[in-house]
Amino acid sequence: QVQLVESGGGLVQAGGSLRLSCAASGRTFSNLAAGWFRQAPGKERELVAAITSSGGNTYYADSVKGRFTISRDNAKNTTYLQMNSLKPEDTAVYYCAADSLDYPLSTNRARYDYWGQGTQVTVSS
């Protein structure tokens, strides 16, 4: 089992930045791929970014390319999502997730075995 706890969400003005963190405990996090999903009211949960266990491969949704950066520190069992140039449409609950299959990275949320509780990100215009 892996427990994931997100932090770093909040309220920010458009154009601002936030960094989300996801701390893992339990099973060896360094063997798992990690992803950040988001879900806005009335919308499906979507993958925003993902990273393989080694950090060597990443995926970004088109809507966040060039603005968001996913990274991880396996020594700290933590993954991060740096979000820059935030837009009101980025407003959502952001969830951290982990995938035992690691590679190739998947956009399918059913592939992800472990989930955090979510953290709210609100971007005001």
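Reference entry: report on the structure contained in this document. Please read these numbers as outputs of a predicted model, since none were measured by experiment.

**Structural notes on the state of the cysteines**
Then, number 1: Using the criterion set out here, one finds one disulfide in the structure.
Then, number 2: There is a disulfide in this structure between Cys-22 and Cys-96, and the S-S distance comes to 2.1 Å. Where Cys-22 bonds to Cys-96 through sulfur, the torsion about that S-S bond is close to -80 degrees, and the disulfide is left-handed. With Cys-22 in strand 3 (residues 18–26) and Cys-96 in strand 9 (residues 92–99), this pair connects stretches of sequence that are 74 residues apart. Just as Cys-22 is buried, Cys-96 falls in that class too.

**Comments concerning the packing of aromatic side chains**
Then, number 1: Summed over all chains, the structure comprises three aromatic pairs.
Then, number 2: Look at Phe-37 and Trp-115: their rings are 4.8 Å apart centre to centre, the planes differ by 50 degrees, and that puts the pair in the tilted class. Pair noted here: Phe-37 is in strand 4 (residues 33–39) and Trp-115 is in strand 10 (residues 114–115), with a separation of 78 residues, a long-range link.
Then, number 3: Accessibility expressed as a relative area gives 0% for Phe-37, which makes it buried.
Then, number 4: The structure contains a cluster of three or more aromatic residues connected by ring pairs, namely Phe-37, Tyr-112 and Trp-115.
Then, number 5: Directly above the aromatic system of Tyr-95 lies the positively charged group of Arg-45, at a separation of 3.7 Å from the ring centroid.
Then, number 6: Sitting over the face of the ring of Phe-29, Arg-72 holds its NZ or CZ atom 4.5 Å from the ring centroid.

Analysis parameters
- Residues numbered from 1 in each chain as written.
- Predicted model: local features only at pLDDT ≥ 70, side-chain atom pairs only at ≥ 80, totals over all residues.
- Heavy atoms only, no water.
- Disulfide = S-S within 2.5 Å.
- Helix = DSSP H or I, 4+ residues; strand = E, 2+ residues; numbered from the N terminus.
- Buried < 20%, exposed > 50% of the residue type's maximum accessible area, 1.4 Å probe, protein only.
- Phe/Tyr/Trp six-rings, centres within 6.5 Å; stacked < 30°, edge-to-face > 60°.
- Lys NZ or Arg CZ within 6 Å of the ring centre and 35° of its normal.

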